[in-house]
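# Fold and geometry: a report
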Amino acid sequence: MTDTAHSAAHTAAVFRQEYGAAPAGVWAAPGRVNLIGEHTDYNAGFVMPLALPHTTLAAAAPRTDGLLRLTSDGALGGTVELRLDDLRRTPDAGWAAYPAGVAWALREAGHRIGGADLYFTSTVPLGAGLSSSAALEVATALALDDLHGLGLPRPELALLAQRAENAFVGVPCGIMDQTAAACCTAGHALFLDTRDLTHRHVPFDSAAAGLRLLVVDTRVRHQLGDGAYAERRAGCERGARALGVRALRDVPVALLPEALAKLADDPVVRDLVRHVVTENDRVEQAVAHLDAGRPRAIGPVLTAGHTSLRDDFKVSCPELDLAVEVADAAGALGARMTGGGFGGSALVLVEEAAAEPVTEALRSAFATAGHTPPRIFPAVPGAGARRLTP
Ligand code: ADP
Ligand code: MG
């Protein structure tokens, strides 16, 4: 029995305890890490996430009385009970706003869904920048879609999940996380164009290539984060206006020197623009390497991405910088912060044989610096959302 099958059986058993009857099925949606393409999504650019083996499972059964009942092993308190007919955004709804928002978004889009009982378990670390929120939303979306026979395409489920997070939960996230959770396939990274939402599966079977991907969850989250995100976003929009383009995506890397010269009297915006334009180019470089069967060659691209996020976009922090420096010094092929920044996780690409020594070097450097011990785990590009049982 695989881990996932085991936890599907367990999730179904707990559902039965909670609700007194077996679920109609168990659905899974993964967390994700972004391999490359950071702070490009709100600039209409490229991203390339991959799905983690860590998943959120939703056991679910339909109801005929228009009630939505929600329970999670990751939440404090008991079952949340809501009426589908009066779902509305409330500022302090807590975790239940994510799945409730998905039901709301489905109905807003005109899909006919009835009530449901849902129970969630998750192995995606919460709040670590690995997108437990999108995993929760997409698991809910797929479960409700399946329970009510809607048959919506995956990218559509991702859009509805994003709508739930934007308009119901109130978090202004892009489309990457939900698309990764809904659309990824095992052994591949997902090359996504956030302008037109076209995507392509790019081969990245890291294990078969003798490589390890390590996720280093620093377990810190600096307060700075939210305001800094809004500032960076506004700065990028200012840059696009100054350059006369719809979005920074429209500045080709070959024209970067000219663009930077035009921004000479606004050094803050100039640096933001340099990051976004070079980062889009790095995504394309990484895609080219993976398509050509050269996974090791993305190492330096990842590290260059970190330098750009640290020096130009200024969203790193001491813990993330330490993780990247130490990993590189200990023989990693490349490393970078992943996610929005100011904490969260770093991603390290290493030869299999170097995974142990690099992990040890990271642990010992964090201890010496007096930082919280990081959580370090291997990732392999996993599958997107799916039905597990029956
Ligand atoms: P991230 O998506 O990076 O993990 P977020 O702050 O976007 O961080 O989302 C974390 C929030 O999502 C949690 O605080 C909780 O409200 C909700 N959440 C995610 N997964 C679960 C779960 N399995 N059970 C209950 N709530 C969850
Ligand atoms: Mg999130």
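Coordinates for the structure precede this section.
Residues numbered from 1 in each chain as written. Chains lettered and ligands numbered in written order. Predicted model: local features only at pLDDT ≥ 70, side-chain atom pairs only at ≥ 80, totals over all residues. Heavy atoms only, no water.

### Regarding the overall build of the chain
- Scanning the chain from N- to C-terminus turns up 11 helices and 12 strands.
- For the chain, the C-alpha radius of gyration of 21 Å lies close to 21 Å, the compact-globule estimate for 390 residues.
- Considering only C-alpha atoms, the chain reaches an extent of 65 × 50 × 40 Å along its principal axes.
- Here the contacts in the chain between residues at least 6 apart in sequence split such that 72% fall between residues at least 24 apart. (Helix = DSSP H or I, 4+ residues; strand = E, 2+ residues; numbered from the N terminus. Rg over C-alpha atoms; globule rule 2.2 N^0.38 Å. Contact = heavy atoms within 4.5 Å.)

### Observations regarding the site of ligand 1
- Every one of the 14 residues lining ligand 1 counts as a neighbour, but S72, G127, G129, S132 and S133 are closest to it.
- The separation between a nitrogen atom of ligand 1 and a polar side-chain atom of S72 is 2.6 Å.
- Within the backbone of G127, one N or O atom sits 2.8 Å away from an oxygen atom of ligand 1.
- Considering ligand 1 on its own, with 560 Å² of exposed area, one finds that the protein chains cover 77% of that surface.
- Residue contributions to the shell around ligand 1 peak at 3 residues, all from helix α3 (residues 132-147).
- Of the residues belonging to the shell around ligand 1, the class tally is 7 nonpolar, 7 polar and no charged. (Near = heavy atom within 4 Å. Polar contact = N/O pair within 3.5 Å; in protein donor to acceptor, adjacent residues only side chain to side chain. Areas by Shrake-Rupley, 256 points an atom, 1.4 Å probe, with all protein chains shown as cover. Nonpolar A, V, L, I, M, F, W, Y, C, P; charged D, E, K, R; others polar.)

### Section: the packing of aromatic side chains
- Under the definition given, this model contains 5 aromatic pairs.
- Relative to F120, the ring of W95 lies with its centre 6.1 Å away and its plane at 80°, an arrangement referred to as edge-to-face. Placement of W95 in the loop between β4 (80-83) and α2 (97-108) and of F120 in strand β5 (residues 115-122) is noted, with a sequence separation of 25 residues between them. Assigned by exposure class, W95 and F120 land together as buried. (Phe/Tyr/Trp six-rings, centres within 6.5 Å; stacked < 30°, edge-to-face > 60°. Buried < 20%, exposed > 50% of the residue type's maximum accessible area, 1.4 Å probe, protein only.)

### What to know about the packing of α3 against helix α4 (residues 154-169)
- Across the interface, α3 lies against α4 with an axial gap of 9 Å and an inter-helix angle of 125°. As judged from the angle between their axes, α3 and α4 are oblique. As for how α3 packs across α4, the hand of that crossing is right-handed. Residues S133, A134, E137, V138, A141, L142 and D145 of α3 form the contact with α4, whose participating residues are R154, L157, A161 and E165. (Axes fitted to C-alpha atoms, helices over the stretch in contact; angles between N-to-C directions. Parallel < 35°, antiparallel > 145°, perpendicular 65-115°, else oblique. Left-handed = near helix turned anticlockwise from the far one by under 90°.)

### Some points on unusual backbone geometry
- The linkage connecting T389 with the following residue, P390, adopts the cis geometry, with an omega of 0°.
- As for its position among the elements, P390 is in the segment after β12 (386-389).
- One non-glycine residue, H39, lies in the positive phi region at around 60°.
- Examined against the element boundaries, H39 turns out to sit in the loop between β1 (25-36) and β2 (46-63).

### Let's talk about the nonpolar core
- Core analysis: the largest hydrophobic core is formed by 50 residues, its most contacted members being L68, L70, L118 and L144.
- Apart from residues no more than four positions distant in its own chain, L70 is found in contact with Y19, G78, T79, V80, L82, W95, A96, P99, A100, L118 and F120.
- Counting residues in hydrophobic clusters, the runner-up holds 42 residues, among them V216, C236, V315 and L320. (Core = buried A, V, L, I, M, F, W, Y, C linked by side-chain atoms within 4.5 Å.)

### Quick word on the side chain of E38
- Looking at the element boundaries, E38 is found in the loop between β1 and β2.
- A polar side-chain atom of E38 sits 2.9 Å from the main-chain amide nitrogen of G339.
- With residues up to four places along the chain from it excluded, the contact list for E38 reads M176, H275, E279, L309, R336, M337, T338 and G339.

### A few points about the side chain of D145
- Residue placement: D145 occurs in helix α3.
- One buried charged residue, D145, remains without a salt bridge, the closest side chain of opposite sign being R154 at 6.8 Å.
- At a separation of 2.8 Å, a polar atom in the side chain of D145 contacts the main-chain amide nitrogen of L152.
- Setting aside anything within four residues of it in sequence, one finds D145 in contact with L150, G151, L152 and L157. (Lys, Arg positive; Asp, Glu negative; His and termini not counted. Salt bridge = Lys/Arg side-chain N within 4 Å of Asp/Glu carboxyl O.)

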